[in-house]
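Spelled out, the chains give:
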Amino acid sequence: LIKRLILDPATRQIKYADVILGNTGRFVRVPWESFEVQNKGITLSIPEGKVDAWGMKDARLGLAETVAMDLWP
């Protein structure tokens, strides 16, 4: 579940997505290039196990140089 998109303020491009993993409920920050965007939706293009291993450690990456945009249900 994507909860927040993190934008690079210089390029205004999406840099990260804050995600809650369905199988564990853990919160992780995933690089945007790890997703595949198609007409039918957004899917993770890397194994979920790799994302789960990042954990909260990577959730603090780049906070000073990014802008967050919350997604509303």
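Residues numbered from 1 in each chain as written. Predicted model: local features only at pLDDT ≥ 70, side-chain atom pairs only at ≥ 80, totals over all residues. Heavy atoms only, no water.

Most peptide bonds adopt trans geometry, and most residues besides glycine take a negative phi value. Despite not being glycine, arginine 12 shows a phi value in the positive range, around 60 degrees. Mapping arginine 12 onto the fold places it in the loop between strand S1 (2-7) and strand S2 (14-20). (Helix = DSSP H or I, 4+ residues; strand = E, 2+ residues; numbered from the N terminus.)

This paragraph deals with the nonpolar core. If you look at the biggest cluster of nonpolar residues, it comprises 8 residues: Leu5, Ala17, Val19, Leu21, Val28, Val30, Trp32 and Phe35. Sorting the residues of this core by element identifies S2 and strand S3 (27-31) as the ones contributing at least two each. Ignoring anything within four residues of it in the chain, the contact list for alanine 17 reads Ile2, Arg4, Leu5, Val28, Arg29, Val30, Trp32 and Phe35. (Core = buried A, V, L, I, M, F, W, Y, C linked by side-chain atoms within 4.5 Å. Buried < 20%, exposed > 50% of the residue type's maximum accessible area, 1.4 Å probe, protein only. Contact = heavy atoms within 4.5 Å.)

If charged atoms from side chains of opposite charge come close, those side chains can pair. Following the criterion strictly, the structure yields 2 salt bridges and no others. Arginine 4 is the partner of aspartate 18 in a salt bridge, and the nearest nitrogen-oxygen pair spans 3.6 Å. With aspartate 18 in strand S2 and arginine 4 in strand S1, this residue pair connects regions lying 14 residues apart in the sequence. Judged by its relative accessible area of 0%, aspartate 18 falls in the buried class. The class of arginine 4 is partly exposed, set by a relative accessible area of 30%. As a salt-bridge pair, aspartate 18 and arginine 29 come within 2.5 Å of each other at their nearest N and O atoms. Here aspartate 18 is found in strand S2, whereas its partner arginine 29 is found in strand S3, with 11 residues between them in sequence. Residues joined by salt bridges that share partners form a network here, namely Arg4, Asp18 and Arg29. (Salt bridge = Lys/Arg side-chain N within 4 Å of Asp/Glu carboxyl O.)

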